Structures are given as C-alpha cells and as structure tokens.
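Understanding the architecture of this molecule
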Amino acid sequence: MCGIVGYVGESSAAPIIVEGLRRLEYRGYDSAGIAVHDGHGVQVVRALGKLRVLAKVLEDRPLAGTTGIGHTRWATHGRPSEENAHPHVAGPVAVVHNGIIENHRALRQELARAGVAFSSDTDTEIIAHLVHRELQAGAAGLLDAVRRAVARLSGAYAIAVLGRDEPGVIVAARQGSPLVIGCGEGEMLCGSDIPALLSHTQQMVFLEDGDVAELRAGGLRVLGADAKPALRPRRHIDWSPVMAERGGYKHFMLKEIHEQPEAVAATLRGRLDLDASSVHPSEIGLGPEAAGALRRVYLVACGTSFHAALVGRYWLESIAQVPTVVELGSEVRYRGALFFPDDLVVAVSQSGETADTIAAVQTAKAAGARVLAVANVLDSAIPRLAHGSLYTRAGPEIGVASTKCFTAQLAALLLLAVYLGRSRGVLPAERAAEILQALCEVPSQMHDLLGDADYVRAVATRLVHARHVLFLGRGLSFPIALEGALKLKEISYVHAEGYAAGEMKHGPIALIEPELPVVVICPQDAAYDKTLSNIQEVRAREGPVVALATKGDESMHDLSEHIIWIPRAPDVVLPLLTVVPLQLLAYYVADRKGHDVDQPRNLAKTVTVE
Ligand code: G6P
C-alpha cells in the first residue's frame, strides 16, 4: 500500500509530484505529503486526508524547487495523522516509504537508546534516522548512506530519499515493494507504478530487489544488492498516457467497466489460432510435455482475483481434466497447505503485489512446485517470483474495485484451460474450436451488454435503499454471485452475500422476505432448471427477484421484478458476460448514494500487508 513518487529535472517538482500522487491515490488515501529541495534545504508539507487537502495547502504555500519526493499513505504503523504522514525527516534527510519494516521495534529501541527522539509512530521514521546516522558516521554521500541504512532493514520497502547537502539528487531503493524509474528528457522520475510516470515518459527501468539507485536530471546510477554498479535495461512501456485518464467518464471504475471488450480482446490477441484450435501462451514456460505430466493445478489469489480463480477451477477440471484446488492466499500458509513438485501453482493477481498471494507462492516454490503468474502489472513481484507468466493485458486499472482485470483474468484462465486440455490430449480439437470461437465473440457481446447500462442504472435505483442483498448462482455462475456481492459491498457499503443457489435451502432461505432483494444469475445454461426452482422458492416467500436471464427467456417475466438480459452464448463463456451487469449494478448503487466509487472507505487497491 502507499504510493511514492520522486522527480528531479528542470521543472517545478511539486506540481509534477502531486500529479503523480493523484494517479497513485488508489494505493492509499488517508494522508499525503511532499518534500522539495529548494536549493538551500528540504521543505516538507504534509496533510491529513485525501490528496486534495495537500494540494490545497500547497496552493496557499507553494514549494519552489526542481527536486522532490511525495507520498500518499494507507496507515499500517500509526493512525492516520499529520505527524504520521510521510515524508519523515531526520536532520538533513527526508524519506518516503512504501512497505513494512519488520524489525522496526528492535531498531527503534536501538535508536532510542542512542538518544534519538521520534516524532511519529511510523516504521518509516526509523529509516530517516538510520540514513542520517550513516551520513554522520562518514558515509560517502547520500547513495552510500542509504545503501548502508537499508542493509539494516528486514521486511519490504520501496523508498525515496532527499538530502539537504545534495540538491538535484534522489536516492531510491527497493526490496519487495515495487519501484519503477522513469527516464525522461533531462529529467528522472521514480514511482510505485507505471501510470504515475506515464505522462512524462514511456522509458522505464525496473529496479531489482536490493538495488539502490541515484537519480539525477542527467542520469541514473544503480548499485545492486552486492553494492557493485549494476546495469538495469531501459524498457519501452506501450501503455499510453491517456489509458491512465478518466476520458470523460465520471469515475475510473465506470471507464474500466466499459473497457472490458478491449481488455479481453487484448488478452486473447496473438495467443490463439482458431483454424488450428490451439492456444500459444508462449510466456508461460510450460511446454506440452510438462503440461501432460501435471498432477494438479493449485490456484491461489485474493479478493476479486480469487473469484476469477474459482471460475478457473470449473474450466480446468471440465476442459483440461486436471484436478484443481483453489485457495485464498491468506489461508495457504496457515492451514499448512501441501504442494508437490508436479503441481502447477497459478497465482492470480491484478497488481502482482498482494502480500498474501506472494507468501503462498513462496510456500509453493519452497516445496518445488512450478508457479505460473496471471498478473496485469508487468514485472511486478509475483511474475518475478514465478517460473512463467500469462499476463492479462487490461491496461492500467485505477478504480479500487477490480472490473476489467477480472474479465481479463477469466480470459487468460480459459486460454490456460484450453492449452492444458489440448496438451494433455483430453480436449478434442472440435471442442477446443467451439470454446475459442465463443471466447473470441465475448468482446462484441460485452459491448452489447454495456449498451444496456441505462437499464441497469434504473434497476440500481430500486436497490439503493436495500440494507442487504443476496446474490445466487449455480455452477459457473456461483463465483459470479460471489463477485457481484463483493462489488456491491466494497463500493456501496450495502451488506451483500453471494451463495451457491443450491445452498440457499441450507440457511439463507431463512432471510428471504419482501425487504431482501435477491439477484439470481439464471442464464439458460446446464443449471437453468434448478436455478429456476430456486427463484420460485424465493418468490414463494415474497422475496423480490432481480434476474439475469438469457435474452428471449419469456418465462422469466412472471418470476422476477426486474430482468437484466444477457446475450445467448455457450455456457462456457457466460461468466465473462454475466459479471458485467453486476459490476454496473454495484457502480450505480454506489454512485447514487454519493460514494467515492474509485476510492471506497478503508480499502486499497494494492494490499502489500498480510
Ligand atoms: C484488494 C483490492 C481488490 C483485489 C484484491 C487482490 O483487496 O481492493 O480489488 O481484488 O486486493 O488484489 P490482486 O492485485 O492480487 O488481484
């Protein structure tokens, strides 16, 4: 969590940093701060609350200078307050930090014994004091001092540091947390992710764990973990700056919902051959022979990605006929999950940074399993740890509630299932062709669905006053019911539960009453008749039903208050379609309630703490 940004160049640093932080606010938004070197010393401004509060303070008290660092915070150590906001200062040093220093208690005690007085409750302030002490102890400049200081830290961090005696220099370091360097014309930037830097440059350098880098307007110097100069290649990033803009939509989430046809199409592009009924996921690092030797697939993920993994299990078992387990990243470690060398562990993560998923990947790797990352962010921690990657190509996702990355993950997982099915010789070419054909038609069907957004908005107005909502689905629609409920609760703060429709009679049926709207995903698929019976059971108890039904299913008119039509499509791809109106439903309920849709309370998009 937390976002950091640094700028050194010829322009005024503060507006550039605030702009970069604006793009990182999804990572945390309880306080923000900035430090700028004005040629004489380091000036710091911090503010409690969202970035706009800081921006307002800076309007009244502008900071001059062309070198600076900034931070937007999601509190871990110490409550949200101005004192705990970054940057943290010790003597001539100012530090911003993303991550958690695990040995902070011991270091704090050691520093306190040496007479250091702390002005915050954060683990970050310790870093500032350590760097300061290294400078006092004779380090050969800021780069050397930071290198020595971070050698004392355990845990995860990405930091950017300013020093009073080195104007025109930022020192950055990373271990575990992300940090990207942007190399512009006569300017150098650093940031927690690519979109924060895109409006300046598409030339990026990805630091390795253990790297310490010195950024100057005219160049970059990197020391590797062994303290020797290290060459880190520049890479051209083909995300365009406009991809990280709202582009006329009221919220990023709404824009991202509407970007799903392209997110799915891009994820499929170049990876399948309809004529040959085959899939070519070249980067996954798993040849047909290794695919044939697999005994099990083990999917790990958190949040929305976990729901994508649940859908993936249905596909992997039915299409690739490989036994598949799905587990939450946070549970893997604590239930002593077993991994084997002939497992394929698939870590599904939009950000590629989620701490619980990373921990699960590490456990699996230690047991000798092969790991495949399904991630959206290039070169993020999980793809780095994995043996192979199948990137979703959804473009930057800014809204905290994940939408286009979810459907892109589904597309990637279905490709994987077809690839494994074909490689293992269990999926006939004709069936593979049907699935791939259906998948290729999804973007245009999504497009049609999005054309009905106004109707979904009208349905949403009926749910605005609901205190609880139940979502039901069967088979492939069950994980979509979970996802529909999650979307609603995270942005509208309405209590919602997703349930397997077949489980309703084992408990939730007791809740059914006229005040409990029940959203039932009931396309004309293999589970249709059974789900229809569940709708009747709800109706019999006067529960109001919102049905997601296949276009033309007239019988639904008598059974539901509202019907949201889904295009007719083969069962196998339905999850990519049914989820779209549920995302819109959650969006419109939240918007109608006046909530901050892109930055819901208490949440962060990238959860780098366990
Ligand atoms: C957070 C986000 C969710 C996301 C989850 C997993 O909780 O708010 O939207 O689904 O993390 O994130 P990942 O990046 O691993 O997909």
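Given the structure is predicted, the values throughout are model-derived calculations rather than measurements. (Residues numbered from 1 in each chain as written. Predicted model: local features only at pLDDT ≥ 70, side-chain atom pairs only at ≥ 80, totals over all residues. Heavy atoms only, no water.)

Glancing now at the domain arrangement of the protein. The assigned domain composition of the protein is domain 1 (3-244), domain 2 (252-442) and domain 3 (453-591). Taking only C-alpha atoms into account, the centre of domain 2 sits 26 Å from that of domain 3. Where domain 2 abuts domain 3, roughly 2000 Å² becomes buried across the two surfaces, and 79% of that area is made up of carbon and sulfur atoms. In this structure, the connection of domain 2 to domain 3 is made through zero salt bridges. At the boundary of domain 2 and domain 3, one finds seven residue pairs in polar contact (both at pLDDT 80 or more). Only α6 (252-258), α7 (260-268), α9 (303-318), α13 (404-423) and α14 (429-450) provide two or more residues apiece to the side of domain 2 that touches domain 3. Examining the composition of the side of domain 2 that touches domain 3, we find that seven residues originate from one element, α9, more than from any other. In the side of domain 2 that touches domain 3, the residues fall into 18 nonpolar, seven polar and one charged. (Domains from an automatic or database assignment. Buried area = accessible area lost by both parts, 1.4 Å probe. Salt bridge = Lys/Arg side-chain N within 4 Å of Asp/Glu carboxyl O. Polar contact = N/O pair within 3.5 Å; in protein donor to acceptor, adjacent residues only side chain to side chain. Helix = DSSP H or I, 4+ residues; strand = E, 2+ residues; numbered from the N terminus. Nonpolar A, V, L, I, M, F, W, Y, C, P; charged D, E, K, R; others polar.)

Another point: the site of the ligand. Surveying the vicinity of the ligand reveals 13 residues, the closest of which are S305, S349, Q350, S351 and T354. Between the ligand and S349 there is a distance of 2.6 Å, counted from an oxygen atom to a side-chain nitrogen or oxygen. Within the backbone of Q350, an N or O atom sits 2.7 Å from an oxygen atom of the ligand. Looking at which element gives the most residues to the shell around the ligand, the answer is α9, with three residues. (Near = heavy atom within 4 Å.)

Moving on, we get to the packing of helix α15 (residues 453-463) against helix α18 (residues 574-592). Two quantities define a packed helix pair, namely the angle between the helix axes and the distance between the axes. Relative orientation of the contacting elements α15 and α18 amounts to 55°, with a least axis distance of 8 Å. Taken together, the axes of α15 and α18 lie oblique to each other. Helix-helix and strand crossings are classified by hand; for α15 and α18 the assignment is right-handed. Residues A453, V456, R457, V459, A460, T461 and L463 of α15 touch α18, and the partners they reach there are P581, L584, L585, Y588, V589 and R592. Here the contact of α15 with α18 is built from residues that sort into 10 nonpolar, one polar and two charged. (Axes fitted to C-alpha atoms, helices over the stretch in contact; angles between N-to-C directions. Parallel < 35°, antiparallel > 145°, perpendicular 65-115°, else oblique. Left-handed = near helix turned anticlockwise from the far one by under 90°. Contact = heavy atoms within 4.5 Å.)

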